[in-house]
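Analysis of the macromolecular model
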Amino acid sequence: MLIGMTGMIILIHFPPVMAQILPATSVFAVDMSFHEPNGFDKRLLIVDKGGILWQTGNLEDVKKNHTAQSASNRQDDKPDPVQAYPIRNHVKSVSALYAVFIIDDNDILWGWGKTANGQLLISTDSNIVIPEKDPIKILTDVRSVLGNDYTVLAIRKDNTLWAWGHSSTLRGDNLPGPLNRPRKILDHVVTVVNSDNHAVALKEDGTLWTWGNNECGGLGNGHSGYENYRPTPMDMGLFGGKRILSIAARSNENIVLTENNTLWYWGNDNGYKPYCMNEPVSLPEPLKKKIPEKLEKLVYEKTYLWGGALYALDTGHTLYYMASVNPDPSYDIDVTKIDKNVSEVISTTDWLAILKKDGTVWIKKYPHTNEPFISVHFVQPKQNDHDYK
């Protein structure tokens, strides 16, 4: 057992020879996030109900192994399970991209990994890697956290929204330079989503607030082509007085689900180019297209291709993949049923991970293809060798 220099977080590193592989159902997962330490390494972080944080190896190696198995004409042609190893305990939730952020069982936010823009409270223009054995204590009384390459957004237990990191439009304060300390930007926030360009927050009173880059109408205020550095309320009358159930944002476009099972769209994907892929939609428009019934939650697919593809969960825990989710009347929404009994879904470029109601975790490469899901198994140390609870 190794204790970090901060003295607050217990870290565990296990030699593989002192471990046993547990069945997928023996660990009940409650949260997960993809971690990309660099452009060639993608890993999955998983939190179980006992507060242990697990980490897989590089998922790109999983794909290579699966390809090799298929080429060898194995009779079952089933990829070997992905193995995850415990790295830390006393964890409630995790959010990661290049850096990793965890909330511990005392509601304290910690971070480690790559930082160049103040995400880990260090002011520098150079990439610095904070080791996981010496995490940075960032903020107390945290309920949720959402990080990306530039800006970190955290909701505290009093429902205040705090931001720090790069001086991008996502930070909501219009201050110059990297901000290496959290700053409160909004009160009464229930949830928040962001993209590389803008952010959308849902408040306790049911209103939506947007800020950031408005190049393609992503702020939903009737205009496009300028930036709004501070959170501004949207006109909720545009949603027909219906309650907001779920929000999703990607690039410069947005999808909102209201309580009458209607999807609303505004903005337009710029494809990470200096122009909009199509005519911007600067105010929310209902999508008059057939979609699955009783939807409950939306998650955008993290891809760099235009088309408005997203995942949706219904109240019966069925997961759908929906393509061509945009106002173009020449396209119907292409709906594919992915799986049943799903409680959570996350995606990154080319990868999908689902958390089932039984606590098991499954991943697949190129989620909209017929590639099979791969189960995640947990490699645990022998208790008589490592007491980590």
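Here's what I pulled together on the structure shown here. (Residues numbered from 1 in each chain as written. Predicted model: local features only at pLDDT ≥ 70, side-chain atom pairs only at ≥ 80, totals over all residues. Heavy atoms only, no water.)

Points about empty space enclosed by the protein
To find leftover empty space, one rolls a probe the size of a water molecule over the atoms. Summed over the entire model, instances satisfying the criterion amount to 1 cavity of 30 Å³ or more. Partitioned by chemical class, the residues of the lining of the largest cavity number 2 nonpolar, 4 polar and 2 charged. (1 Å grid on protein atoms, 1.4 Å probe; cavity = no way out; pocket = protein on both sides within 12 Å on 5 of 7 lines; lining within 4 Å. Points joined across faces, edges and corners; volume = space filled by probe spheres on them. Nonpolar A, V, L, I, M, F, W, Y, C, P; charged D, E, K, R; others polar.)

Thoughts on the pattern of salt bridges
Counted by the stated rule, this structure contains 12 salt bridges. The residue D107 makes a salt bridge to K157 at a minimum N-O spacing of 3.0 Å. Here the residue D107 occupies a position in the loop between β9 (99–104) and β10 (109–115), and K157 occupies one in the loop between β14 (151–156) and β15 (161–165), the gap between them amounting to 50 residues. A salt bridge links R243 to E259; its shortest N-O distance comes to 3.6 Å. Pair noted here: R243 is in the loop between β20 (227–233) and β21 (244–250) and E259 is in the loop between β22 (253–258) and β23 (262–267), with a separation of 16 residues, a long-range link. R243 sits in the exposed class, given a relative accessible area of 52%. For E259, a relative accessible area of 41% translates into the label partly exposed. When salt bridges with common partners are traced through the structure, they connect K92, D107 and K157 into a single cluster. (Salt bridge = Lys/Arg side-chain N within 4 Å of Asp/Glu carboxyl O. Helix = DSSP H or I, 4+ residues; strand = E, 2+ residues; numbered from the N terminus. Buried < 20%, exposed > 50% of the residue type's maximum accessible area, 1.4 Å probe, protein only.)

Quick look at the pairing of strand β27 (residues 319–323)
Counted residue by residue, β27 has 5 buried out of 5 residues, so it is predominantly covered. Burial along β27 is two-sided: the face carrying L319, Y321 and A323 and the face carrying Y320 and M322 are both buried. With 4 bridges joining them, strand β26 (residues 310–314) and β27 adopt antiparallel strand pairing. Within the sheet, the bridge partner assigned to L310 lies in β27 and is M322. Between the end of β26 and the start of β27, which pair antiparallel, lie 4 residues, with H317 showing a positive phi angle near 70°. Of the strand pairs in this sheet, β27 and strand β28 (residues 334–339) are connected by 5 bridges, and their pairing is antiparallel. Following the sheet pairing, L319 is matched in β28 by D339. (Pairing = 2+ DSSP bridges.)

Digging into the packing of aromatic side chains
Scanning the model with the defined rule gives 4 aromatic pairs in all. Seen in terms of ring centroids, W54 and F378 are 4.9 Å apart; in terms of plane orientation they differ by 70°. Their pairing is edge-to-face. One end of the pair, W54, is in strand β6 (residues 53–56); the other, F378, is in strand β32 (residues 374–381), with 324 residues separating them in the sequence. Accessibility expressed as a relative area gives 0% for W54, which makes it buried. (Phe/Tyr/Trp six-rings, centres within 6.5 Å; stacked < 30°, edge-to-face > 60°.)

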